[in-house]
Amino acid sequence: MIRIDMHFHSLCSDGSDSPETLARLGKKRGLAVMSLTDHDTMKGVPAFMSMCRKLGIRAVSGVEISAEYPRTLHILGYNYDPQDEEFRAALAKIQYYREERNRRVLARLNELGISITLKDVQDEAGKGVIGRPHFAYALIRKGIVHDVPTAFSEYLGREGKAYVHKVSLSPEETIRAIHRAGGLSVLAHPVQTCPDIKELPDVLRWLKSFGLWGLECYSGHHSREQSEAYKALAAANGLEVTAGSDYHGRGRPGYHFGIPVPENLLPWARLGLRM
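- Named according to an unreviewed UniProt entry, the protein chain is PHP domain-containing protein originating from Pyramidobacter porci.

### Describing the overall build of the protein chain
1) Next: Across its full length, the protein chain carries ten helices and nine strands.
2) Next: Its C-alpha atoms give the protein chain a radius of gyration of 18 Å, near enough to 19 Å, the size a compact globule of 275 residues would have.
3) Next: Scored against the burial criterion, the 275 residues of the protein chain give a buried share of 56%.
4) Next: Within the protein chain, contacts between residues at least 6 apart in sequence are counted, and of these 73% link residues at least 24 apart.

### Here we look at the domain arrangement of the protein chain
1) Next: By the assigned domains, the protein chain splits into domain 1 (2-90 + 167-271) and domain 2 (101-155).
2) Next: With centres defined by C-alpha atoms, the gap from domain 1 to domain 2 works out at 26 Å.
3) Next: On the side of domain 2, nine residues touch domain 1, which itself brings eight residues to the contact.
4) Next: Overall, the association of domain 1 and domain 2 removes approximately 640 Å² of surface from exposure, summing both partners, and the carbon and sulfur fraction of that is 46%.
5) Next: Connecting domain 1 to domain 2 are zero salt bridges.
6) Next: Between domain 1 and domain 2 we count one residue pair in polar contact (both at pLDDT 80 or more) in total.
7) Next: For the side of domain 1 that touches domain 2, the per-class residue count stands at two nonpolar, three polar and three charged.

### Concerning the sheet that holds strand 1 (residues 2-5)
1) Next: Spatially, four strands are ordered 3-2-1-9 in an open sheet, and the strand pairing comes out mixed. If you trace the sheet from one side to the other, it starts and ends with strand 3 (58-59) and strand 9 (259-261), each paired once.
2) Next: Judged from the three bridges that link them, strand 1 and strand 9 form a sheet pairing that is antiparallel. Of the residues in strand 9, the one forming a bridge with Ile2 is Val261.

### Describing the pairing of strand 5 (residues 74-78)
1) Next: In terms of burial, strand 5 is largely enclosed, as five of its five residues are buried.
2) Next: Here strand 5 shows a buried face lined by His74, Leu76 and Tyr78 and a second buried face lined by Ile75 and Gly77.
3) Next: Note that strand 4 (residues 62-66) and strand 5 share five bridges and pair antiparallel. By the bridge assignment, Gly62 is partnered in strand 5 with Tyr78.
4) Next: For strand 5 and strand 6 (residues 184-187), the ladder comprises four bridges, and the chain directions are antiparallel. The residue bridging Gly77 from the neighbouring strand is Ser185, located in strand 6.

### Here we look at the pattern of salt bridges
Two side chains with opposite charge may pair up if their charged atoms get near one another.
1) Next: For the coordinates displayed, the defined rule picks out twelve salt bridges.
2) Next: In this structure, Glu86 engages Arg180 in a salt bridge whose closest nitrogen and oxygen atoms are separated by 3.0 Å. Of the two residues, Glu86 is situated in helix 3 (residues 85-111) and Arg180 in helix 7 (residues 171-180); the sequence distance between them amounts to 94 residues. Take Glu86 and Arg180: they sit in the same class, and that class is exposed.
3) Next: One salt bridge connects Glu228 with Lys231, and the closest N-O pair in it is separated by 3.4 Å. With a gap of three residues between them, Glu228 and Lys231 both fall in helix 10 (residues 224-236), about one helical turn apart.
4) Next: The class for Glu228 is partly exposed, based on a relative accessible area of 44%.
5) Next: With relative accessibility at 25%, the residue Lys231 sits in the partly exposed group.
6) Next: Three or more residues are tied together by salt bridges with common partners; here these are Asp40, Arg98 and Lys166.

About the criteria used
- Residues numbered from 1 in each chain as written.
- Predicted model: local features only at pLDDT ≥ 70, side-chain atom pairs only at ≥ 80, totals over all residues.
- Heavy atoms only, no water.
- Helix = DSSP H or I, 4+ residues; strand = E, 2+ residues; numbered from the N terminus.
- Rg over C-alpha atoms; globule rule 2.2 N^0.38 Å.
- Buried < 20%, exposed > 50% of the residue type's maximum accessible area, 1.4 Å probe, protein only.
- Contact = heavy atoms within 4.5 Å.
- Domains from an automatic or database assignment.
- Buried area = accessible area lost by both parts, 1.4 Å probe.
- Salt bridge = Lys/Arg side-chain N within 4 Å of Asp/Glu carboxyl O.
- Polar contact = N/O pair within 3.5 Å; in protein donor to acceptor, adjacent residues only side chain to side chain.
- Nonpolar A, V, L, I, M, F, W, Y, C, P; charged D, E, K, R; others polar.
- Pairing = 2+ DSSP bridges.

Structure (structure tokens):
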């Protein structure tokens with residue numbers, strides 16, 4: 001067995017740790033393979049991979065893209081070319097959609113009588129991309145709510161008073177953008193896309209028609225029983241099995257960095273790695 005983590009976030013999106021800190025944490029916890037997968041941005045990847053090289057950790061370029069879908073559908077991209085201009089343009093388009101949503105969330109909060117500014121939220125994000133967790137931190141700092149779960153249930157989640165749907169690329173556009181950049185695409189935490197596992201086979205076949213490569217079977221969101229069920233579905237659909245904690249640091253307590261997996265879990269060479 002080895003320990004890996006191919007799904008976690010830095011302060012370049014909605015995590016609380018720097019890319020370099022995450023690399024050092026991975027070294028401390030004995031991870032053999034790591035991939036930083038910030039939301040819709042590659043900003044932290046160069047610093048993360050540079051630190052991993054210094055520490056002797058195998059690292060893969062990563063990103064997590066929120067695709068347009070009635071429920072949560074996140075596609076992880078691995079081993080892409082960070083300099084690919086079309087891929088960079090696709091992510092820039094998604095960032096525009098994200099910024100537009102942020103403006104609308106802010107306007108709704110203000111309409112509800114909550115005195116909060118874009119600067120308040122940007123202060124929480126620092127140099128990272130603003131996301132809903134940063135709105136939550138700002139609401140906590142203002143004394144509007146006491147914790148992140150309440151911020152989401154009351155204001156920012158799908159049933160919240162200030163929720164705004166974020167427009168994004170379609171799943172087909174997302175997968176093909178990753179592939180054009182030489183990367184591999186994986187469906188993240190399938191329990192969020194299909195809470196009823198009976199619906200997942202049809203979704204997997206649909207995504208595979210666009211070129212989906214893998215399924216995140218081991219996840220901080222999954223029970224052991226769910227992971228086994230997802231592994232069976234991956235095998236039945238000719239998909240690779242991946243593993244990631246979805247660690248965010250202080251914004252999402254209870255998610256443990258690093259997952260033990262069989263050493264032969266993946267065709268590592270396809271990810272640009274020698275094991």
